Number of protein chains: 2
Amino acid sequence: MTSETRKARKKQQQSEEILAAARDLFIREGYFRFSMRKLAREVGCVPGTLYLYFKDKDTLVSRLIEESFEHLMVDLEAQADPDDLLRTLDRITHAYVEFGLANPEHYRFAFMLERTPSMDEARPVPHRSYGWMRDIVAECMERGLLRAADPDLVAQGIWVAMHGVTSAMITMPKFPWADRQELIDRVLDGTIQDLLPDSDMDPEQDGDTNA
Amino acid sequence: MTSETRKARKKQQQSEEILAAARDLFIREGYFRFSMRKLAREVGCVPGTLYLYFKDKDTLVSRLIEESFEHLMVDLEAQADPDDLLRTLDRITHAYVEFGLANPEHYRFAFMLERTPSMDEARPVPHRSYGWMRDIVAECMERGLLRAADPDLVAQGIWVAMHGVTSAMITMPKFPWADRQELIDRVLDGTIQDLLPDSDMDPEQDGDTNA
DNA sequence: TGAAACACTGAACGGTGTTCATCGTAATGA
DNA sequence: TCATTACGATGAACACCGTTCAGTGTTTCA
C-alpha cells in the first residue's frame, strides 16, 4: 500500500528528472542531435535505463512537447475575451505564431516532422486546441461577427495561415524575408479580414486604420 | 582529350545511374528511411563508392530534389498568361500546392527539414522561382491589378499561404480535414482576393458565387 | 613496357535506437 | 531473522547509420 505509493512516487520523480534533463538537451540540440545516449550521459545512467521510464525516444520527446503545448494552450485561453471574440481571434493567431517562433524545435517536432506511431500515441494537445478554436469561430458566426460558413473549414483556414508563416520562418531562417513582423501581421489580419461579413465597411473601427 | 571526355561522360553516366536508383528509393522510403547503404545495395556497389560521385547524402538527395523542382518550375512557367496575370497567379498557386501534395517527400526535404550546409550548397531553385513570382506580383501592381505595396511582402505572403496548406496537409495526413480541395481553394483565392485593389465589387464575376 | 592515374573495395570509426540476460539490492512473507 | 521474491540498473550486444581511407586491381599514357 504505502510502499506501493512510495514506489510509484519515486518512479514518477525519476522520470521527471529525466524529462528535465531531456528538456535542456532538446532545446540545446534540437530533435536530430538529441540522442538517448547523450541524454543517458547527462542523466548519469546507461541508455537502457531510460527505457524503464519511456517506451522509446519519440514517446519521451512527445512528453516534452506536450508539456510545452500545454503552456501554449494556457496562453491562448488567457487571450480569450468573451465580449470581443474578433479581438480574441486576432490575439490567438498572433500568440500562436509567436510561440512557434520562440520554440522552433518544439514546433518542428509537433508540426513539421513525419509522424511516427509513438508520436501519435502521445495525447494530441494540438487537436484539443484546434477544437477550441473552431468553437470560437462557430460562436463568431452565430453572433454575426464572421460570415456564415462551415466552421471547420474556416478554422482550418486560419490554422493553415498561422502554420504557414510560422513553419516558413522556422524552416528558412536565412531567407531574405521582407519584414518579418509586417509579414506576420499581414497574413494573419488578411486571413481574418477575408472572413468578415460583407466588408463594405469595417463594423468596428476604434483601432489604428491608416496607410 | 578524347579519353578525358570519355572518362567524364562515363562518370556522369554512372552518377546518373546512381541518381536513378536513388530517386526510386527516395520516393519509396522517404528521406528518413533512405540510406546510403540501402542505395549502395540497390546499385550493386559498396557504400564508399557513392562518395566518389557525391560529397555526402544531403548533396545526393539535393540533386534529386533539384531535378524535381526544376520540373515544377517548368510547370509553373507554363501557367503564365501575359494577358491575364491574375489568372496566372491563381494557376501558379494551385499548381504549386498540387505539386507539393503529389510529391510530399520532395516537398518535405525542400521546405520542412532543418537545412544542413550541404543542402544550402545545392543550387536553390526555390529562390529562383520565388524571384520569378515576385516579378509577376510587381507587374500586377504596375498594371493596377493588385493594390500597390511592397512586392516582396506580397509575394512572400502568397508563398506563405501556399506553403501553409501544402505543408499542413503533408504533415498531418490523418487530421480530419474538412474538405481538402475546398480548403485549398479558399486559402489561395482568399489570399489573392485580399490583395485586389479596393474590392467594392469583384472585377470578374462569371464564376460560381453563392451561399 | 613501366609508371602513373584512378575507380573501386573492404574494413574500420564513431555514432544511432533498442533489447535483454544478468546482477545486486530492497521489500516481503515465514 | 532468514529465505525468497521482485525489481531497478547494468553492460554487452544487435542491427543499423554516414563517412573515411589504405590498399588493390585495372586502365591510360609516355
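Residues numbered from 1 in each chain as written. Chains lettered and ligands numbered in written order. Predicted model: local features only at pLDDT ≥ 70, side-chain atom pairs only at ≥ 80, totals over all residues.

K.L.:
Mind laying out the overall build of chain A, listing which residues take part and the relevant values?
P.N.:
Looking only at helices and strands, chain A features 10 helices and 0 strands. Each helix and strand of chain A, ordered N terminal to C terminal, gives the series α-α-α-α-α-α-α-α-α-α. Counting all 211 residues of chain A, 30% fall into the buried class. Counting only contacts in chain A whose residues sit at least 6 apart along the sequence, the fraction spanning at least 24 positions is 65%. (Helix = DSSP H or I, 4+ residues; strand = E, 2+ residues; numbered from the N terminus. Buried ≥ 20, exposed ≤ 12 C-beta atoms within 10 Å, placed from the backbone. Contact = placed C-beta atoms within 7 Å.)

K.L.:
Go over the protein's contact with DNA strand C, please, and point to the residues and values.
P.N.:
Around DNA strand C, the surrounding shell holds 18 residues, and the nearest of these are Ser35, Gly48, Asp56 and Lys57 of chain A together with Gly48 of chain B. Contributions of two or more residues to the surface near DNA strand C are made by helix 2 (36-43) and helix 3 (47-50) of chain A together with helix 1 (2-33) and helix 3 (47-50) of chain B. For the surface near DNA strand C, the class distribution of residues is 7 nonpolar, 6 polar and 5 charged. (Near = placed C-beta within 6 Å. Nonpolar A, V, L, I, M, F, W, Y, C, P; charged D, E, K, R; others polar.)

K.L.:
Run through the interface of chain B and chain A, naming residues and quoting values.
P.N.:
Every contact between the two is made by 28 residues of chain B and, on the other side, 28 residues of chain A. Elements that contribute at least two residues to the side of chain B that touches chain A include exactly helix 1, helix 9 (151-171) and helix 10 (180-193) of chain B. The element that contributes the greatest number of residues to the side of chain B that touches chain A is helix 9 of chain B, accounting for 12 residues. For the side of chain B that touches chain A, the per-class residue count stands at 12 nonpolar, 9 polar and 7 charged.

K.L.:
Tell me what's going on with the relation of the copies chain B and chain A, and back it up with residues and numbers.
P.N.:
Once chain B has been moved 0.0 Å along the axis and rotated by 180 degrees, it coincides with chain A to within an RMSD of 0.1 Å. On this basis, the relationship between the two copies can be described by a two-fold rotation axis. Across chain B, the rotation axis passes nearest the C-alpha of Gly164 of chain B, at a separation of 1.7 Å. Taken as a fraction of all interface residues of chain B, those also at the interface in chain A reach 100%, which identifies the copy contact as same-surface. (Least-squares fit on C-alpha atoms with pLDDT ≥ 70 in both.)

K.L.:
So what about the domain arrangement of chain A? Which residues, and what values?
P.N.:
Residue and element names in this part refer to chain A. Examined at the domain level, chain A breaks down into domain 1 (1-54) and domain 2 (58-193). On the side of domain 2, 9 residues touch domain 1, which itself brings 8 residues to the contact. The residue inventory of the side of domain 1 that touches domain 2, partitioned by class, reads 6 nonpolar, 1 polar and 1 charged. (Domains from an automatic or database assignment.)

K.L.:
So what's going on with helix 4 (residues 57-78) of chain A? Residues and values would help.
P.N.:
Compared with an ideal rise of 1.5 Å per residue, which puts 22 residues at 32 Å, helix 4 of chain A spans 32 Å between its outermost C-alpha atoms and is within 8% of the ideal. When helix 4 of chain A is considered as a whole, its buried residues turn out to be Asp58, Leu60, Val61, Ser62, Leu64, Ile65, Ser68, Phe69, Leu72 and Leu76 of chain A. (Expected span 1.5 Å × (residues − 1).)

K.L.:
Now, about the nonpolar core: what can you tell me, with residues and values included?
P.N.:
Met162 and Val165 of chain A together with Met162 and Val165 of chain B are the most contacted members of the largest nonpolar core, which has 86 residues in total. When residues no more than four places from it in sequence are discounted, the contact partners of Met162 of chain B are Thr93, Tyr96, Val97 and Leu188 of chain B. (Core = buried A, V, L, I, M, F, W, Y, C linked by C-beta atoms within 7 Å.)

K.L.:
Now, about the packing of helix 9 of chain B against helix 10 of chain B: what can you tell me, with residues and values included?
P.N.:
Pairs of packed helices are described in terms of their axes, by the angle between the two and the distance that separates them. All names here are of chain B. Orientation of helix 9 relative to helix 10, taken along the N-to-C sense of each, is 170 degrees, at an axis distance of 9 Å. Overall, the two elements helix 9 and helix 10 adopt an arrangement that is roughly antiparallel. Viewed along their axes, helix 9 and helix 10 form a crossing whose handedness is right-handed. Where helix 9 approaches helix 10, its residues Gly157, Ile158, Ala161, Met162, Gly164, Val165 and Met169 are matched on the opposing element by Arg180, Leu183, Ile184, Val187, Leu188 and Thr191. (Axes fitted to C-alpha atoms, helices over the stretch in contact; angles between N-to-C directions. Parallel < 35°, antiparallel > 145°, perpendicular 65-115°, else oblique. Left-handed = near helix turned anticlockwise from the far one by under 90°.)

K.L.:
Before we move on, could you go through the environment of Ala80 of chain A and cite the residues and values that matter?
P.N.:
All names here are of chain A. Within the fold, Ala80 resides in the loop between helix 4 and helix 5 (85-102). Ala80 sits in the partly exposed class, given 15 other C-beta atoms within 10 Å. In this structure, the C-alpha to C-alpha distance between Ala80 and Ile92, residues 12 residues apart in sequence, is 7.9 Å.

K.L.:
Lay out the packing of helix 4 (residues 57-78) of chain B against helix 6 (residues 104-111) of chain B with the relevant residues and their values.
P.N.:
All names here are of chain B. Remark: helix 4 packs on helix 6, axes separated minimally by 10 Å, with the N-to-C direction vectors making an angle of 115 degrees. The pairing of helix 4 with helix 6 is recorded here as roughly perpendicular in orientation. In the crossing of helix 4 with helix 6, the sense of the turn from one axis to the other is left-handed. Together, Val61, Ile65, Ser68 and Phe69 of helix 4 and His106, Phe109 and Ala110 of helix 6 make up the contact between the two elements. In terms of residue class, the contact of helix 4 with helix 6 is built from 5 nonpolar, 2 polar and no charged.

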